[in-house]
Amino acid sequence: SAPTSLTALQGNVHSTTYGEGKQQFQGVFAQTRITPLAPLELTLSAREDRWESTDRLAQRTKSGVTSSVRPTDTSISALNPSMGAKWNFTDAFAVRGATYKSFRVPGFNHTTRTYGTTTAVIANPDLSPEKLTGVEFGADYKTGALSVGATAFRYDIKNMIATYSITSSTYASAPTAVTDFCGATITTRCGTTVKYYTNDQDGRSTGLELNASWRASYTLTLNASYTRTDSILTRVASTVTDPVNVQLVAIPRNTALLSAQWAPTEQIKTWTELR
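Let me sum up the structure you'll find in this document. What you see is a predicted model; the values in this text were computed from it and never measured.

### Observations regarding the pattern of salt bridges
Alright, step 1. All chains considered together, the criterion is met by twelve salt bridges.
Alright, step 2. Note that Arg154 is salt-bridged to Asp156, the shortest N-O span being 3.0 Å.
Alright, step 3. Given a relative accessible area of 24%, Asp156 falls into the partly exposed group.

### Quick notes on the side chain of Ser53
Alright, step 1. Examined against the element boundaries, Ser53 turns out to sit in strand S2 (residues 40–62).
Alright, step 2. Of note is the side chain of Ser53, whose polar atom sits 3.4 Å from the side chain of Arg56.
Alright, step 3. Contacts of Ser53, omitting those with residues within four sequence positions, involve Lys22, Gln23, Asp73 and Thr74.

### Let's talk about the sheet that holds strand S6 (residues 119–122)
Alright, step 1. If you walk across this open sheet you meet the three strands as S6-S10-S9, and the pairing is mixed. The sheet is open, and its two edges are formed by S6 and strand S9 (162–167), each paired on a single side. Between one strand axis and the next, the sheet turns by 25 degrees as a mean value, whatever way the strands run.
Alright, step 2. Where S9 lies against strand S10 (residues 193–198), six bridges are found, and the strand directions are antiparallel. Looking at the pairing, Ile166 lines up with Val194 of S10.

Definitions and limits used
- Residues numbered from 1 in each chain as written.
- Predicted model: local features only at pLDDT ≥ 70, side-chain atom pairs only at ≥ 80, totals over all residues.
- Heavy atoms only, no water.
- Salt bridge = Lys/Arg side-chain N within 4 Å of Asp/Glu carboxyl O.
- Buried < 20%, exposed > 50% of the residue type's maximum accessible area, 1.4 Å probe, protein only.
- Helix = DSSP H or I, 4+ residues; strand = E, 2+ residues; numbered from the N terminus.
- Polar contact = N/O pair within 3.5 Å; in protein donor to acceptor, adjacent residues only side chain to side chain.
- Contact = heavy atoms within 4.5 Å.
- Pairing = 2+ DSSP bridges.
- Axes fitted to C-alpha atoms, helices over the stretch in contact; angles between N-to-C directions.

Take a look at the structure:
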């Protein structure tokens, strides 16, 4: 819409953001496979990860005013073990299970990249990694050219990274990272609403995976799979407005895949997929 004053025009158009930083990942991984009994296979592994985030700068200029945040350097180490077991009842049928831990660190998009004018998204330099604990059970059956399998899984995620909204009514209690960018009031440089990244929520994903593969001929293989995933928030902070026990946005509850691979010669392979 047409600006009502020159000040409004400058406030919406003359806006830039800048962010930079360094991240370093280090990891050591070890795995062993044990067969204590003829039908039993055990797989044990552990991964030690270290994440360092240094030399970060987040800067915003709006209406001729520049504000900067230079977060302190941070580093986190984590040991993530995994244990899996498989019991082969016969050559054709087996059951399996596994439990494991992992973590995912925030990226520059979460910690240094502030963007937007009328509805700004403010980076949070103090984000911590998400931590996941997973467990799954499944079974596999193979006869001739046909293979089928099923896997049930559950992931519990702590400190999930998401955004929540800050408005003029809650601006007085907004984090320093927000007020440093927006100014004395939320409308000084950030419009009427601000989105801010936090770790103030936990989540859970549960589901079932089904898959099948059929070797129709020496040159043709057909595959199909289906996954049902229920992914929800189980806990949110008082400042977070997202509801709990509701399917998360951008995570489809039902996905399916059909594919065919045709290899007329050893040198040529073609395939097509419908997802």
